[in-house]
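Chain and residue survey
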Amino acid sequence: MAAPGSAASKHTFSSLLKQKSLKTSPTKSRSTMAVSMREVDPVFQGAGQKDGLEIWRIEKLQAVPVPKESHGKFFTGDSYIILKTTALKNGSFRNDIHYWLGKDTSQDEAGTAAIKTVELDAALGGRAVQYREVQGNETEKFLSYFRPCIIPEEGGVASGFRHTEINEREHVTRLFVCRGRHTVHVKEVPFARSSLNHDDIFILDTKSKIFQFNGSNSSIQERAKALEVVQYLKDTNHEGKCDVAAVEDGKLMADADAGEFWGLFGGFAPLPRKTFSELNGKDTAFASKLLCVNKGQTVSVDCEVLTRALLDTTKCYLLDCGSEIYAWMGRETALEDRKRAGLAAEELLREGNRPKSHIIRLMEGFETVIFRSKFNKWPKKAEAVVSDESRGKVAALLKRQGFNVKGIAKAAPVKEEPQPQIDCTGNLQVWRVNDSDKTFLSFSEQCKFYSGDCYIFQYSYTGDEGEECLVGTWFGKRSIQEERTAAISLADKMVESLKFQAVLVRLYEGKEPIEFFPIFQNLVIFKGGASTGYKKFVSENGIEDDTYSENGVALFRIQGSGPDNMQAIQVDTAAPSLNSSYCYILHDGDTVFTWVGNLSSSMDQELAERQLDVIKSRLLKEGSEYDQFWKLLGVKSEYPSQKIVRDQESDAHLFSCTFSKGVLKVREIFNFAQDDMMAEDIFILDCHSSVFVWVGQHVDTKIRAQALSIGEKFIEFDILMEDLSRETPLYVIAEGSEPQFFTRFFTWDSAKSALHGNSFERRLSIVKDGLKPRRDKPKRRPTTSSHTGRSSVPDKSQRRSASFSPDRVRVRGRSPAFNALAANFENSNTRNLSTPPPAARKPFSKSSPDPAKPPQRAASIAAMSASFERPRPTLIPKSIKASPDVNKPQSEASKPKPEVNAKESTPAVKDGQTLTSTIQEDAKEGQPEDEEGLPAYPYDRLRTSSTNPVKDIDQTRRETYLSSAEFREKFGMTKEAFAKLPKWKQNRLKIALQLF
């Protein structure tokens, strides 16, 4: 029988294509997808509508679906079409089509598979990438669908061979060769000593025992991967019951397993050192050639440099790269032309006697990263918009042919943004970098950053496997390079002092990951800098120092997602800094304005209110600003309205890395899993919004020390051509210390990294003895910092179980006294949200008060007074004081008060809206408004959207002009009850009723 790539059957294949093309309409529509829909096989209806695999086998030149239970079973005499559909995070589907040709398949079947693949692509809207797979030389992407391997069986439909199950026949001893560090290529070879060599891994499957022979030149990673094949054979051929033995090349008869192994080959005999190495189909010296396909004939395209402009959307092209031939098909080409391009690629392989080279067919707009990298400066990839229309045409065609088509599947909805996968009730320590040293920041200062400075933080928290530690560097936008370098060096030493059990992360201002802000909870970022290096740099270069001043004019953008995740970012004091989607605080000495954008959410407005719990600022809604407001900003001008969007997380890609002499080489691992990461290697996980460098336990110490540099080079190269920012958050994670925000990308078993030995020894103990991974990992020691003499781990009374629910409000550092006071002063109706309710959360020490027996008010105050040993970090700048219209001064606002007096009218500005400021504000604002002499107006005239508004009233107190009856009707309460509410809750009700 002719092989699929032989020249003898060229005429048959051409004839088959000609017969198919006779049914094709010559009319082409250049406005949409220029294909003949009558050429789409109805068997492909509904294909690609859900995530997973779909397989068809060519039977009598027709595509026949393969049942799911038979996926992964291939026969050497058959041809198959495999569709892999992947649901992406952006809500769309990615389609990869492979047509697999067995070594004994007929040329007619191979040709039908190639043609049907093009039709399947048309049914999918012309968005799929198509791969030609030949038995024994499959792509790693294809093999990743059928882990750990595929072992084709003899037989086929056309040949009439009987498809027998292994368990139905007498066991036959078989010898297999395994190649590959990450994806295993398995090939059956003759059961003879001459098949063995020193370079590969061999598996001998006998009736009672499976032997793995490890060539002396094979790597640990190859040996570990081959064990997955041993496990597969053990489960498939022996129902999981047989002995397993590993035989090392070079060990003679002294080893019992080795003696038994060599006895099966007739006795030991040395293997020749120079062995025949099969060609791998790769030609690194091959110069890429571009050819245009015109009516089935190829014409070379003369060019010195490959550019995107050479590709015409009305034509098909071949890019011959030696080990791969890419068939690029323009969007406006006919289906017949696309089939002929595939035929031309097949002929090119036959002429060059390259049966193991791969053919990859691509549609315009859906080119792979590797293909685009072959061209000089490929333009930024644009989203294709033709697919939905094309799928609709296919659905209409199938419906006319009598099929019950419910419609081509739409993409899955966009997934929600992931929540921070970190417990935010841990212990935080922060240092500012000064030249080459670091200065520890007190608790009240650790949440105040400057854009001109660099910071180091160490955060200890409770993880799934005990105490976890995160050490990070944060670089302000205007920080100097010398202090950035010093920060990295100091952080490396901290991680080393923690025996590399801490996760290291490098962050830039404006590119922080979602885990960063909840750690700090309430963060202020000022302009300028406070470090000695920044001050020196500004002075030496004659640069104006714009460092934040308490008495100057400052504008802060308020952002965040909740009370445990809010920030005040100082921006330029100018109108263009405003954004309709945010709230802002503007202050000039004692004058304070709160500006509310028209597109800001209720949460944004609540966060602004929390920032000003005890400040009586002027509330300005966008469009009703005072002249004084614009005067402070210089001049009124245009400003944006779209919310600032952080880099979105995309589908993760895993890469294995080799780093030698400063050269980084990476290789993508498709459909990755935890077992793909070997203890001897470094791997990089890229999800676009963050990059993770994973370092195995057995990586050389010199390479381990360069892990951060490896990650930086990876980001610089932008392997996936996704415009990866140089400031992308970069993590370095040691095996055994993986945090949950990393393991969420896998189905993770933390016990696997706790096993002793290298990758091969670990897996051999599982496969050979049939044991599950046993957790034998020492508890991580408490990461007590030697830098400050303070424990990085909260004491038992402060430890909380890790919980990552977005509904859980987290506040770090609360003492039981706070809980007692909150339980007495607050209830679900009147509580200020600045203080989350303790009743909704588990008490975190036995000394916490019993909620069923709340303590007396006096006892609560006394308990809280004793607990005020350190203040919470101040969120609002100290110079943000009450505006001039406030009756009493707030000069003491920034001083912490150890006691609470509910009658005082000058409450303390507690850091992060403590319960003290909450109680004081409620006590001061809890008096009913004086309404004597105020006229009453109907609600319709008091609304901000009224067509006949009332004039000459206090616009900030519209609700006071309602009659008592209408007030009760609209607000559902009396004016007295309304006056007792916290200010932020009053404003929320007023906004809902258009009275704000």
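This one's a predicted model, so the numbers in the text were calculated from it and none came from an experiment. (Residues numbered from 1 in each chain as written. Predicted model: local features only at pLDDT ≥ 70, side-chain atom pairs only at ≥ 80, totals over all residues. Heavy atoms only, no water.)

1. Some words on the overall build of the protein
Helix and strand content of the protein: 24 helices and 32 strands. Sorting the 996 residues of the protein into buried and exposed places 53% on the buried side. Within the protein, residue pairs in contact and separated by at least 24 positions form 69% of the contacts whose partners lie at least 6 positions apart. (Helix = DSSP H or I, 4+ residues; strand = E, 2+ residues; numbered from the N terminus. Buried < 20%, exposed > 50% of the residue type's maximum accessible area, 1.4 Å probe, protein only. Contact = heavy atoms within 4.5 Å.)

2. Quick word on the pairing of strand S25 (residues 583-588)
The buried count for S25 comes to 5 of 6 residues, which makes it a mostly enclosed element. Summarising the sheet, strand S23 (residues 553-562) and S25 pair through 6 bridges and their orientation is antiparallel. When the bridges of S25 are listed, Leu-555 appears paired with Leu-586. Here S25 pairs with strand S26 (residues 591-596) via 6 bridges, running antiparallel. In the sheet register, Cys-583 faces S26, and the bridge partner there is Val-596. From the end of S25 to the start of S26, which pair antiparallel, there are 2 residues, and Gly-589 there has a positive phi angle of about 65°. (Pairing = 2+ DSSP bridges.)

3. Considering the nonpolar core
Ranked by internal contacts, the top residues of the largest apolar core, which has 52 residues, are Phe-449, Phe-457, Leu-470, Phe-516, Phe-520, Leu-685 and Phe-692. One finds Ala-486, Met-494, Tyr-508 and Phe-714 within the second-largest nonpolar core, a separate group that totals 37 residues. (Core = buried A, V, L, I, M, F, W, Y, C linked by side-chain atoms within 4.5 Å.)

4. Regarding the sheet that holds strand S18 (residues 448-450)
Strand order in the open sheet formed by 7 strands is S18-S22-S24-S23-S25-S26-S27, and the pairing between neighbours is mixed. Each having just a single partner strand, S18 and strand S27 (618-621) make up the two edges of the open sheet. Strand-to-strand twist across the sheet, computed as the mean angle between neighbouring axes with direction ignored, equals 20°. In this sheet, strand S24 (residues 565-571) lies alongside strand S22 (residues 522-526) in parallel orientation, the contact comprising 4 bridges. Note that in S24 the partner of Asn-522 across the bridge is Met-566. Most of the contacts of helix H12 (residues 602-611) go to S23, to which it runs at about 125°, and overall it touches S23, S24, S25, S26 and S27. (Axes fitted to C-alpha atoms, helices over the stretch in contact; angles between N-to-C directions.)

5. Thoughts on the side chain of Lys-84
Among the secondary structure elements, Lys-84 is positioned in strand S3 (residues 79-87). The charged side chain of Lys-84 is buried without a salt bridge, its nearest counter-charge being Asp-51 at 4.7 Å. Looking at Lys-84, its side chain comes within polar contact range of the side chain of Thr-86, at 3.3 Å. (Lys, Arg positive; Asp, Glu negative; His and termini not counted. Salt bridge = Lys/Arg side-chain N within 4 Å of Asp/Glu carboxyl O. Polar contact = N/O pair within 3.5 Å; in protein donor to acceptor, adjacent residues only side chain to side chain.)

6. Concerning the state of the cysteines
By the definition in use, this model includes 0 disulfides. Considering cysteine sulfurs only, Cys-178 is the nearest to Cys-149, which forms no disulfide, with 7.2 Å between them. (Disulfide = S-S within 2.5 Å.)

7. Overview of the pairing of strand S31 (residues 691-695)
A large share of S31 lies buried, amounting to 5 of its 5 residues. Residues Val-691, Val-693 and Val-695 line one face of S31 and the alternating positions Phe-692 and Trp-694 line the opposite face, and both faces are buried. Relative to strand S32 (residues 730-734), S31 is paired through 5 bridges, and the arrangement is parallel. Bridge pairing links Val-695 to Ala-734 in S32.

8. Some thoughts on the confidence of the model for the protein
Scored by pLDDT, the protein comes out at a mean of 77, with 72% of its residues at no less than 70. Highest mean pLDDT in the protein belongs to strand S21 (residues 503-508) (97); lowest belongs to helix H20 (residues 915-925) (35). In this model, residues 275-284 is a region of pLDDT below 50 whose contacts with residues beyond four sequence positions or in other chains number 14 contacts. pLDDT under 50 marks residues 400-415. Its contacts with residues more than four places away, or in other chains, come to 27 contacts. (pLDDT = per-residue confidence, 0-100.)

9. Notes on the sheet that holds strand S13 (residues 316-320)
On the basis of which strands lie adjacent, the open sheet formed by 10 strands has the order S2-S1-S3-S4-S5-S15-S14-S13-S11-S12 and mixed pairing. Strands with a single pairing partner mark the edges of an open sheet, and in this sheet they are strand S2 (62-65) and strand S12 (297-300). On average, each strand axis in the sheet is inclined to that of its neighbour by 25°, with strand direction left out of account. Pairing between strand S5 (residues 129-134) and strand S15 (residues 358-363): 2 bridges, direction antiparallel. Of the residues in S15, the one forming a bridge with Tyr-131 is Ile-360. Of the strands in this sheet, strand S4 (93-101), S5, strand S11 (289-294), S12, S13, strand S14 (324-329) and S15 are in contact with helix H6 (residues 335-351), which crosses S13 at around 25°.

10. Some remarks on helix H5 (residues 256-264)
Every α-helix winds through 3.6 residues per turn, so residues three or four apart in the chain are directed the same way. Of the residues making up H5, those classed as buried are Asp-257, Ala-258, Gly-259, Phe-261 and Trp-262. Looking at the packing, one finds that the buried side of H5 touches strand S8 (201-205), strand S9 (209-214), strand S10 (243-248) and helix H17 (759-769). Just past H5, the residue Gly-266 takes up positive phi, approximately 90°.

11. Side note on the packing of aromatic side chains
Each aromatic ring pair is described using two quantities: the centre-to-centre distance and the angle formed by the ring planes. In this structure the tally under the stated criterion is 58 aromatic pairs. Ring geometry for Phe-371 and Phe-375: centres 5.1 Å apart, planes at 50°, overall tilted. Ring geometry for Phe-742 versus Phe-746: centroids 5.4 Å apart, planes at 45°, classification tilted. Aromatic ring contacts, followed pair by pair, group Phe-191, Phe-202, Phe-211, Phe-213, Phe-261, Trp-262, Phe-265 and Phe-268 into a single cluster. In this arrangement the basic side chain of Arg-704 is found over the ring face of Phe-500, its NZ or CZ atom lying 5.6 Å from the centre. (Phe/Tyr/Trp six-rings, centres within 6.5 Å; stacked < 30°, edge-to-face > 60°. Lys NZ or Arg CZ within 6 Å of the ring centre and 35° of its normal.)

12. Topic: the packing of helix H2 (residues 107-123) against H6
Where H2 contacts H6, the two axes come as close as 10 Å, and the packing angle between them is 140°. Here H2 lies oblique to H6, going by the angle between them. Note on packing geometry: the crossing formed by H2 with H6 is right-handed. Seen from H2, the contacting residues are Gln-107, Ile-115, Val-118, Glu-119 and Ala-122; seen from H6, they are Leu-335, Arg-338, Lys-339 and Arg-350. Split by residue class, the contact of H2 with H6 holds 4 nonpolar, 1 polar and 4 charged. (Parallel < 35°, antiparallel > 145°, perpendicular 65-115°, else oblique. Left-handed = near helix turned anticlockwise from the far one by under 90°. Nonpolar A, V, L, I, M, F, W, Y, C, P; charged D, E, K, R; others polar.)

13. Some details on the pattern of salt bridges
Any two side chains of opposite charge can pair if their charged atoms end up close together. Considering all chains together, one arrives at 40 salt bridges under this definition. For Lys-141, the salt bridge is made with Asp-96, and the minimal N-O distance between the two is 3.7 Å. A residue pair is termed long-range when its members are at least 10 positions apart, and Lys-141 in helix H3 (residues 140-143) and Asp-96 in strand S4 qualify at 45 residues. On the basis of relative accessibility, which here comes to 2%, the residue Asp-96 falls in the buried class. One network of salt bridges, with partners in common, ties together Arg-147, Lys-225, Glu-228, Asp-676 and Arg-763.

14. Thoughts on the environment of Glu-512
Relative to the helices and strands, Glu-512 resides in the loop between S21 and helix H10 (516-520). Every residue in contact with Glu-512, bar those within four places of it in the chain, is listed here: Trp-474, Phe-517, Arg-646 and Pro-729. Looking at Glu-512, its side chain comes within polar contact range of the side chain of Trp-474, at 2.9 Å. A polar atom in the side chain of Glu-512 sits 3.1 Å from the backbone nitrogen of Gly-510.

15. Focus on unusual backbone geometry
With an omega of 5°, the peptide bond running from Arg-147 to Pro-148 counts as cis. You will see that Lys-661, though not glycine, has its phi angle at about 55°, which is positive. Topologically, Lys-661 is positioned in the loop between strand S28 (653-660) and strand S29 (663-669). The backbone phi angle of Met-721 is positive, close to 50°, even though this residue is not glycine. Relative to the assigned elements, Met-721 resides in the loop between helix H15 (707-717) and S32.

16. Structural notes on the packing of helix H4 (residues 220-237) against H17
It is the contact of H4 with H17, at a shortest axis distance of 8 Å, that shows an interaxial angle of 15°. Relative to H17, the element H4 lies roughly parallel. Judged by the twist between their axes, the crossing of H4 over H17 is left-handed. For the pair formed by H4 and H17, the contact residues are Ile-220, Arg-223, Ala-224, Leu-227, Glu-228, Val-230, Gln-231 and Lys-234 on the first element and Ser-759, Phe-760, Arg-763, Leu-764 and Val-767 on the second. Broken down by class, the residue content of the contact of H4 with H17 amounts to 7 nonpolar, 2 polar and 4 charged.

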